[in-house]
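Here is how the chains run, residue by residue.
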Amino acid sequence: MKYLVIGATGNIGSRVTQRLIARGERPSVFARSAKKAKVLFGDQVDIHAGDLETPRSSLAAALAGIEGVFLVSDGPDLDTRDRTVAFAAKSAGVRHVVKLSTLDVHTGVGTGPWHARGEAAVRESGVAFTFIQAAGFMSNALGWSDAIREEGVLRSSTGKGKIAFIHPDDIGDVATAALTTRNHDGQSLVITGPEALSYGEMAAIIGGAIGKRVHLEELSDKQAFAGVVGWAGKGPYGDALVDIWRAVREGRLATVSDGVKQVIGREPIPFNRWAEENADAFQ
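Below is a short write-up of the structure. Because the structure is predicted, anything quoted here is derived from the model rather than measured.

## Here we look at the side chain of Arg 81
Next up, step 1: Structurally, Arg 81 is set in helix α4 (residues 78–92).
Next up, step 2: Within polar-contact distance, the side chain of Arg 81 engages the side chain of Asp 77 at 3.1 Å.
Next up, step 3: The residues contacting Arg 81, other than those within four sequence positions of it, are Leu 52, Glu 53, Ser 73, Asp 74 and Gly 75.

Quick look at the structure:
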């Protein structure tokens, strides 16, 4: 099998690429920056520089001879890029597309509608697919690092609501298994961490990892939105984040699944291990 990773220089795409390399594969990668891909993977991959906003011949060249694609896309118009990839893959004779999606397609919360449209586009293409419907990433907690490091505080509008964040390594392992085994064609794999935790509980776990008490400061939705605008500007992404945090607070995102174990045969990695691995970011 010959694999193409679209979004290979990102958080999850890089993990899937490295896992393919570790298996003895030589994957192709499609990335905006060939230089960044070269730094990450050296001469162990075939690099195709391109942009899904204006794919033209670059995507067709990257898909030539490819049998399996791992696709990562984001933004409110991600369905346009998913459609471009899926239909181009079908035309090129690709046998299987694995799309990184979100379990929020089931709730309509946050980025869920974006990915629901993306999933629909992939289905419409007729190419065989697997959707990885993941919970929020543990690595999202790195966004708390400045406030925890400088003030010993985590500010959040999630109240006492809980969410089962998942370790990026678990997503990488599940996605690689789906891509290489073909055991999950036509399936939507819901994967989460092992336990739903409140933001206050996660703050305490991070505090334990760094030997420092971390205080949770509760925000209103309005305050949370103002905070997002401060670093991301106004737009649909900020609205999606506040919507997610509200859904957590209201208890709508506390799903815990056994998807990781079902796919790769082991329990998902707990948040305390992620906190220990990333303690330096919070100190």
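## What about helix α7 (residues 168–181)?
Next up, step 1: For α7, spanning 14 residues, the distance from its first C-alpha to its last is 20 Å, which sits close to the expected 20 Å at 1.5 Å a residue.
Next up, step 2: Counting buried positions along α7 gives 11 out of 14 residues, so the element sits mostly inside the fold.
Next up, step 3: Inspection of α7 places Pro 168, Asp 170, Ile 171, Gly 172, Val 174, Ala 175, Thr 176, Ala 177, Ala 178, Leu 179 and Thr 180 among the buried residues, and these make up the whole buried set.
Next up, step 4: Of the residues one or two after α7, Arg 182 is the one with positive phi, at around 60°.

## Concerning the packing of aromatic side chains
Next up, step 1: Throughout the structure, instances matching the rule amount to 6 aromatic pairs.
Next up, step 2: Each ring, one from Trp 144 and one from Tyr 199, has its centre 5.1 Å from the other, and the planes form 45°; the classification is tilted. With Trp 144 in the loop between β6 (129–134) and α6 (145–151) and Tyr 199 in helix α8 (residues 199–210), this residue pair connects regions lying 55 residues apart in the sequence.
Next up, step 3: Classification of Tyr 199 by relative accessible area gives buried; the value is 5%.

## A word on the environment of Ala 120
Next up, step 1: In this structure, Ala 120 sits in helix α5 (residues 112–125).
Next up, step 2: Between the alpha carbons of Ala 120 and Asp 82 there is a distance of 9.2 Å; along the sequence they are 38 residues apart.

## Points about the sheet that holds strand β5 (residues 96–102)
Hydrogen bonds along the backbone pair up the strands of a sheet, which may run parallel or antiparallel.
Next up, step 1: Pairing within the open sheet is parallel, and its 7 strands lie in the order β3-β2-β1-β4-β5-β6-β9. Sheet topology places β3 (46–49) and β9 (188–191) at the edges, where each strand pairs with a single neighbour. Strand-to-strand twist of the sheet, defined as the mean angle between neighbouring strand axes without regard to direction, takes the value 20°.

## Concerning the nonpolar core
Next up, step 1: Membership of the largest hydrophobic core comes to 30 residues, with the highest contact counts inside it found for Val 16, Phe 70, Leu 100, Ile 132, Ile 166, Ile 171 and Ile 191.
Next up, step 2: Looking at this core, the elements that each hand over two or more residues are β1 (3–6), α1 (11–22), α2 (34–41), β5, β6, α7, β9 and α11 (259–264).
Next up, step 3: Of all the elements, α7 adds the most residues to this core, at 6 residues.
Next up, step 4: Residues within four places of Val 16 in sequence aside, it is in contact with Val 5, Phe 70, Gly 172, Ala 175, Thr 176 and Leu 179.
Next up, step 5: If you look at the next biggest cluster of nonpolar residues, it comprises 29 residues, including Ala 141, Met 202, Ile 210 and Phe 271.

Cut-off values and rules
Residues numbered from 1 in each chain as written. Predicted model: local features only at pLDDT ≥ 70, side-chain atom pairs only at ≥ 80, totals over all residues. Heavy atoms only, no water. Helix = DSSP H or I, 4+ residues; strand = E, 2+ residues; numbered from the N terminus. Polar contact = N/O pair within 3.5 Å; in protein donor to acceptor, adjacent residues only side chain to side chain. Contact = heavy atoms within 4.5 Å. Expected span 1.5 Å × (residues − 1). Buried < 20%, exposed > 50% of the residue type's maximum accessible area, 1.4 Å probe, protein only. Phe/Tyr/Trp six-rings, centres within 6.5 Å; stacked < 30°, edge-to-face > 60°. Pairing = 2+ DSSP bridges. Axes fitted to C-alpha atoms, helices over the stretch in contact; angles between N-to-C directions. Core = buried A, V, L, I, M, F, W, Y, C linked by side-chain atoms within 4.5 Å.

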